[in-house]
Amino acid sequence: SFTPAVPGARSTPLTVNSSLGNTASLALTGTGLGAGSTLDPARQIAFGANLQVAGLATDNAGNLYVSDATSKKLLRFAPSAQSQGASAASTTLATLTAPGPVVVDPRGFVYVGDTSTGLITQISPSGAASTLALTLATLSGLAVDSLNNLYISDSSAKAVYQLNPITGAVRTLAVGTLVAPAGLAVDPSVNLLIADPGAPAIYRFNLQSGVT
């Protein structure tokens, strides 16, 4: 008998030696049962203190951005700080009324929404902060694509907008009927994923073809 390491059809060679010195090679086959894979235990790291996290994002350098409802600030934790536990130091990038969703584009520009004022603050890689010329009724979600376009969901307006942060051009995406769009994400196939808890449903909108 033999014990397969993973489920499914398996085989293994078997060599039989007789008392007279004769050798025969056979094969055992069978169907294995049990788990198909094993997982190493995940390592959990807790850092920061007294945070009420309203939004999270990371950049290509491993920095973590936290919009903190307690301090009303957008904080940046360097990769080295994330192993320092409760004493982890952060850098304040902006102070808002009610910081909410946050994203980082491929250039390193950070965007954080203020759910109280409906405004979006842009922070450049050098740390310069500015307010985008767009006011939302109920700012609910942010996302960016590989071309640095910013996507914003407004649950009260039942709409999702695309904003070019370089030109300032804004357009409403024809994603169909939404009830209360919230979380947004862009996948590698250039699809915009829209979470609509009011439906409830998740919609996929192709940004190239414009098909939902």
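My aim in this report is to walk through the structure given alongside it, one point at a time. (Residues numbered from 1 in each chain as written. Predicted model: local features only at pLDDT ≥ 70, side-chain atom pairs only at ≥ 80, totals over all residues. Heavy atoms only, no water.)

## Remarks on the overall build of the protein
Phase 1: A tally of helices and strands in the protein yields 0 helices and 17 strands.
Phase 2: Taking 2.2 N^0.38 as the reference for a compact globule, 212 residues should give roughly 17 Å; the C-alpha atoms of the protein span a radius of gyration of 26 Å, well beyond that estimate.
Phase 3: Projected onto its principal axes, the C-alpha coordinates of the protein cover approximately 90 × 45 × 30 Å.
Phase 4: Looking at the 212 residues of the protein, the share that counts as buried comes to 35%.
Phase 5: Restricting to contacts in the protein with at least 6 residues of sequence separation, those with at least 24 account for 32%.
Phase 6: In the structure as shown, the protein presents an accessible area of about 11900 Å², 53% of it carried by carbon and sulfur atoms.
Phase 7: Of the side-chain charges in the protein, 9 are positive and 9 negative, and the distance between the mean point of each set is 2 Å. (Helix = DSSP H or I, 4+ residues; strand = E, 2+ residues; numbered from the N terminus. Rg over C-alpha atoms; globule rule 2.2 N^0.38 Å. Buried < 20%, exposed > 50% of the residue type's maximum accessible area, 1.4 Å probe, protein only. Contact = heavy atoms within 4.5 Å. Areas by Shrake-Rupley, 256 points an atom, 1.4 Å probe, with all protein chains shown as cover. Lys, Arg positive; Asp, Glu negative; His and termini not counted. Charge placed at Lys NZ, Arg CZ, Asp CG, Glu CD.)

## Comments concerning the packing of aromatic side chains
Phase 1: Within this structure, the stated rule accounts for 1 aromatic pair.
Phase 2: For the ring pair Phe 47 and Phe 77, a centre distance of 5.3 Å and an interplane angle of 70° mean the geometry is edge-to-face. Taken together, the residues Phe 47 in the loop between β2 (23-32) and β3 (53-58) and Phe 77 in strand β5 (residues 73-77) connect sequence positions 30 residues apart.
Phase 3: For Phe 77, a relative accessible area of 2% translates into the label buried.
Phase 4: Seen from the ring of Phe 109, Arg 107 lies directly overhead, with NZ or CZ sitting 3.9 Å from the centre. (Phe/Tyr/Trp six-rings, centres within 6.5 Å; stacked < 30°, edge-to-face > 60°. Lys NZ or Arg CZ within 6 Å of the ring centre and 35° of its normal.)

## Observations regarding the side chain of Ser 153
Phase 1: One can find Ser 153 in strand β12 (residues 150-154).
Phase 2: For Ser 153, a relative accessible area of 0% gives the class buried.
Phase 3: For Ser 153, the side chain forms a polar contact with the main-chain nitrogen of Gly 141, separated by 2.8 Å.
Phase 4: Reaching out from Ser 153, the side chain makes a polar contact with the backbone oxygen of Ala 182 at a distance of 2.5 Å. (Polar contact = N/O pair within 3.5 Å; in protein donor to acceptor, adjacent residues only side chain to side chain.)

## Some details on the sheet that holds β5
Phase 1: The strand order across the open sheet built from 4 strands is β3-β4-β5-β6, with neighbouring strands paired in antiparallel fashion. Looking along the sheet, the strands with just one partner apiece sit at the ends: β3 and β6 (91-95). The average angle at which neighbouring strand axes cross in this sheet is 20°, direction not considered.
Phase 2: Sheet topology places strand β4 (residues 64-68) next to β5; 5 bridges connect them, and they run antiparallel. Among the inter-strand pairings, Val 66 is bridged to a residue of β5, identified as Leu 75. (Pairing = 2+ DSSP bridges. Axes fitted to C-alpha atoms, helices over the stretch in contact; angles between N-to-C directions.)

## A word on the nonpolar core
A general tendency of soluble globular proteins is for nonpolar side chains to be buried together.
Phase 1: In terms of nonpolar packing, the biggest core is built from 15 residues, with Tyr 111, Ile 120, Leu 136, Leu 142, Leu 150 and Ile 152 touching the most fellow members.
Phase 2: Within the residue set of this core, elements represented by two or more residues are β11 (139-144), β12 and β13 (159-163).
Phase 3: In contact with Ile 152, not counting residues within four places along its chain, are Ile 120, Leu 134, Leu 136, Leu 139, Gly 141, Leu 142, Ala 159, Val 160, Tyr 161, Leu 163 and Leu 184. (Core = buried A, V, L, I, M, F, W, Y, C linked by side-chain atoms within 4.5 Å.)

## A short note on the environment of Pro 13
Phase 1: As for its placement among the helices and strands, Pro 13 is situated in strand β1 (residues 8-17).
Phase 2: Counting along the chain gives 156 residues from Pro 13 to Ala 169, while the straight-line C-alpha distance between them is 67 Å.

## Quick notes on the environment of Leu 139
Phase 1: Mapping Leu 139 onto the fold places it in strand β11.
Phase 2: For the pair formed by Leu 139 and Gln 44, sequence separation is 95 residues and the distance between their alpha carbons is 31 Å.
Phase 3: Residues contacting Leu 139, with those up to four places away along its chain left out, are Pro 101, Gly 113, Asp 114, Thr 115, Gly 118, Leu 119, Ile 120, Ile 152 and Ser 153.

## What to know about a nonpolar patch on the surface
Phase 1: Nonpolar side chains collect at one region of the surface, where Leu 14, Val 16 and Leu 26 lie side by side and expose about 230 Å² of accessible area between them.
Phase 2: On the secondary structure map, Leu 26 appears in strand β2.
Phase 3: The partly exposed category is assigned to Leu 26, whose relative accessible area is 48%. (Patch = residues over 30% accessible without salt bridge, like charges linked within 9 Å, V, L, I, M, F, W, Y side chains within 5 Å. Salt bridge = Lys/Arg side-chain N within 4 Å of Asp/Glu carboxyl O.)

## A word on the sheet that holds strand β16 (residues 191-196)
Phase 1: Taken in spatial order, the 3 strands of this open sheet run β15-β16-β17, and their pairing is antiparallel. Looking at which strands have only one partner, the edges of the open sheet turn out to be β15 (184-186) and β17 (201-206). Taking the axes of each pair of neighbouring strands and ignoring which way they run, one obtains an average angle of 20° across the sheet.

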